[in-house]
Structure formats: structure tokens, C-alpha cells
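Below, each chain spelled out in residue letters.
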Amino acid sequence: MMFSIAKRQIPSTLRSFSSTAASSSGGGGAGLFARVGSFISGAGLTALATEIYIFKEVREGNLEMLKKQRELEKRLAALEKKKH
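Owing to the predicted nature of the structure, the values given are computational and were not obtained by experimental measurement.

Visitor: Which residues make up the overall build of the protein, and what are the values?
Guide: The helix and strand tally for the protein stands at two helices and zero strands. Across the 84 residues that make up the protein, the buried fraction comes to 0%. Within the structure as shown, the protein displays about 8,600 Å² of accessible surface, and the carbon and sulfur contribution to it stands at 64%.

Structure representation (C-alpha cells):
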């Protein structure tokens, strides 16, 4: 009973083989220039996203370093006041 579906016949109109699908598509895939163009646009978008990410990280890192520098200057000024 479990394998009863294997005994059924599928009509040939519902079956599509790779030969019929390939013959109906026509062009045979993307050409060289389309592939190169896709690669260049993908590489460009990746470079842009990477540049934005790096710029953001550098900016946040600079702000954090400035904050730490100000804290150190306050501590140093407090130490100098105690000394004098």
C-alpha cells in the first residue's frame, strides 16, 4: 500500500525532460559579455559595501579613541592638581 504511487503511470504531457526544456529556452544561457558585466557589477557592489563598512568602523574607532583620550586627560589633570 505504501508504494502504490510507484505503480501509477504519469501521462507524457506532464513529464518534461531536459531535452524538451532545453530546446524551448532558445538562447543557451548568458553570453560572455553578460557574465562579465554581472561579475563587474557584483564586484563593484561588494567593494562599495566593504568601503562603507570600513569607513563606519574607522569612524567609530576614532570616536572611541577620542573619548578615551579625554578621560585620560581628565585623570592626568586631577593628578596634577593633587600634586600642586
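Additional details are given in the paragraphs that follow.
Visitor: Give a description of the pattern of salt bridges that names residues and reports values.
Guide: Per the counting criterion, the structure on display carries one salt bridge. Where E64 meets K68, a salt bridge forms, and the shortest distance between an N and an O atom there is 3.7 Å. With E64 and K68 both in helix α2 (residues 32-83) and four residues apart, this pair spans about one turn of that helix.

Visitor: Quick rundown of a nonpolar patch on the surface? Include the residues and the values.
Guide: Judged by side-chain polarity, L32, V36, F39 and I40 come together as a nonpolar surface patch covering roughly 450 Å² of accessible area. Along the polypeptide, I40 turns up in helix α2. On the basis of relative accessible area, I40 is assigned to the exposed category, the value being 54%.

Each value, and the rule that gives it
- Residues numbered from 1 in each chain as written.
- Predicted model: local features only at pLDDT ≥ 70, side-chain atom pairs only at ≥ 80, totals over all residues.
- Heavy atoms only, no water.
- Helix = DSSP H or I, 4+ residues; strand = E, 2+ residues; numbered from the N terminus.
- Buried < 20%, exposed > 50% of the residue type's maximum accessible area, 1.4 Å probe, protein only.
- Areas by Shrake-Rupley, 256 points an atom, 1.4 Å probe, with all protein chains shown as cover.
- Salt bridge = Lys/Arg side-chain N within 4 Å of Asp/Glu carboxyl O.
- Patch = residues over 30% accessible without salt bridge, like charges linked within 9 Å, V, L, I, M, F, W, Y side chains within 5 Å.

Geometric values such as these leave the question of function open.
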